[in-house]
Amino acid sequence: MELSGDILVSGNADSTVKVWNIVTGQCLHTFHGQKGHQSAVTSLQFNEKFAVTSSDDGTVKLWDMKTGEFIRDLVSLWSSRSGGVVWRVCCSEQKLVCAVGSRNGTEDTKLLVMDFDHM
């Protein structure tokens, strides 16, 4: 989970991501659904516009913080159906770094770096 100001974003074992106002206790959004994660959320990072979430389903997803809507998959590991996992994400406006691996050796442990300035 991550906190910024009065907003807390939590990643959950049930594959959902929730956005909370910690002053009122209100859940503002729940990121889930057909395009959402299919397994436990492993990491997240957000700013006032976007949330980036990773999961042990082998994906990294981009969400709209204002509307709660899914925007797109940023990463989808080819080995996700056979144990590929995105363990952690760290991002800036220019880069996304993902620590990936697997629970069963199907995916080598490595860092994936996406440079948005060169895409």
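Use the structure listed above.
Parameters at a glance
- The residue numbers shown here count from 1 along each chain, following its written sequence.
- It should be noted that, the model being predicted, local features are given only for residues of pLDDT at least 70 and side-chain atom pairs only at 80 or more, the latter also being counted only at that level, while totals for whole chains, interfaces and linings use all residues.
- Excluding hydrogens and water, the side-chain values take into account all heavy atoms of the structure.
- DSSP-based pairing: two strands are paired if at least 2 bridges between them are found.
- The secondary structure listing takes helices from DSSP runs of H or I that are at least 4 residues long and strands from runs of E that are at least 2 residues long, numbered from the N terminus.
- Axis definition: a line fitted to C-alpha atoms, limited for helices to the stretch in contact. Angles are taken between N-to-C directions and run from 0 to 180 degrees.
- Working definition of a nonpolar core: buried Ala, Val, Leu, Ile, Met, Phe, Trp, Tyr and Cys residues. They are joined through side-chain atoms within 4.5 Å.
- Partly exposed describes any residue whose relative accessible area lies between the buried limit of under 20% and the exposed limit of over 50%, with all areas from a 1.4 Å probe on protein chains only and scaled to the type maximum.
- In this description, contact between two residues means that some pair of their heavy atoms is separated by no more than 4.5 Å.
- Any two rings among Phe, Tyr and Trp, with Trp reduced to its six-membered ring, count as a pair given centres within 6.5 Å; such a pair is stacked if its planes are under 30 degrees apart, edge-to-face if over 60, and tilted if neither.

Caption draft 1: Molecular detail of the sheet that holds strand E11 (residues 110-115). Taken together, 3 strands build an open sheet; the order of strands is E9-E10-E11 and the sheet is antiparallel. A strand with exactly one partner marks an edge of an open sheet, and here the two such strands are strand E9 (84-91) and E11. Strand-to-strand, the axes of this sheet are offset by a mean angle of 25 degrees, without reference to chain direction. The pairing of E9 with strand E10 (residues 95-102) spans 7 bridges and is classified as antiparallel.

Caption draft 2: Here's a closer look at unusual backbone geometry. Despite not being glycine, Ser15 has its phi angle at roughly 80 degrees, a positive value. You can see Ser15 is positioned in the loop between strand E2 (7-11) and strand E3 (17-21).

Caption draft 3: Up close: the nonpolar core. In terms of nonpolar packing, the biggest core is built from 12 residues, these being Val52, Val60, Leu62, Leu74, Val75, Leu77, Val86, Val89, Leu96, Cys98, Val100 and Met114. The biggest single contributor to this core is E10, with 3 residues. With sequence-adjacent residues up to four places away left out, Val60 is seen in contact with Val52, Thr53, Ser54, Arg72, Asp73, Leu74, Val75, Val86, Val89, Leu96 and Cys98. The next biggest cluster of nonpolar side chains, apart from the first, holds 10 residues, and it includes Val9, Val19, Phe31 and Trp63.

Caption draft 4: Structural view of the environment of Arg72. Note that Arg72 resides in strand E8 (residues 70-76). You can call Arg72 partly exposed: its relative accessible area is 46%. Beyond its immediate chain neighbours, meaning those up to four positions away, Arg72 contacts Val60, Lys61 and Leu62.

Caption draft 5: Quick look at the packing of aromatic side chains. In total, this model carries 2 aromatic pairs according to the counting rule given. When the centroid spacing of 4.8 Å and the interplanar angle of 5 degrees are considered together, the rings of Phe31 and Trp63 count as stacked. Of this pair, Phe31 sits in strand E4 (residues 27-31) while Trp63 sits in strand E7 (residues 59-64), and the two are 32 residues apart along the sequence. For Trp63, a relative accessible area of 1% translates into the label buried. When the centroid spacing of 5.5 Å and the interplanar angle of 75 degrees are considered together, the rings of Trp63 and Phe70 count as edge-to-face. An aromatic cluster of three or more residues is present, and its members are Phe31, Trp63 and Phe70.

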